[in-house]
Amino acid sequence: QVQLVESGGGLVQPGGSLKLSCAASGSIFNIRDMGWYRQAPTKERELVAIIRSGGSTIYADSVKGRFTISRDNAKNGVHLQMNSLKPEDTAVYYCNIGVVGGSFWGKGTLVTVSS
């Protein structure tokens, strides 16, 4: 059974950086997109960034220029480098791997941006 495990979350001051990582256990075939989503308290889950199988990327407007998504195809992993963090980036961040016919989700990692 495939499981996605996120790591790298934590408490950081405004302006700081964190790098999130997501690793998959088990074999995943026909991977299409890999991405990160987030959900802040009282808000709906939203897209942060996606990286497609060909390498193209899509970012939410709120994180453009600050966040960078990358993938490790050999390990079925995906990373999110987050710079210049703001309090409004505080949320639980979820990894998602899309395959033909469905997708897999991690359980999330909490990022708190606060002084």
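Only a predicted model underlies this, so the values are computations on that prediction, with no experimental measurement involved. (Residues numbered from 1 in each chain as written. Predicted model: local features only at pLDDT ≥ 70, side-chain atom pairs only at ≥ 80, totals over all residues. Heavy atoms only, no water.)

### Structural notes on the pairing of strand E5 (residues 46-51)
For strand E4 (residues 31-39) and E5, the ladder comprises 5 bridges, and the chain directions are antiparallel. Considered in E5, the bridge of Gly35 is made with Ile50. If you look at the hairpin formed by E4 and E5, you'll find 6 residues sitting between the two strands, and Thr42 has a positive phi there, around 70°. Hairpin geometry of E5 and strand E6 (residues 57-59) is characterised by an intervening segment of 5 residues between the two adjacent antiparallel strands and by a positive phi of about 105° at Gly55. (Pairing = 2+ DSSP bridges. Helix = DSSP H or I, 4+ residues; strand = E, 2+ residues; numbered from the N terminus.)

### Quick word on the state of the cysteines
This structure, assessed with the given rule, holds 1 disulfide. Two residues share a disulfide in this structure: Cys22 and Cys95, whose sulfurs sit 2.1 Å from each other. Between Cys22 and Cys95 the disulfide shows an S-S torsion of about -75°. By sign, it is left-handed. Here Cys95 lies in strand E9 (residues 91-99) and Cys22 lies in strand E3 (residues 18-25), a separation of 73 residues in the sequence. Residues Cys22 and Cys95 agree in their burial class; the two are buried. (Disulfide = S-S within 2.5 Å. Buried < 20%, exposed > 50% of the residue type's maximum accessible area, 1.4 Å probe, protein only.)

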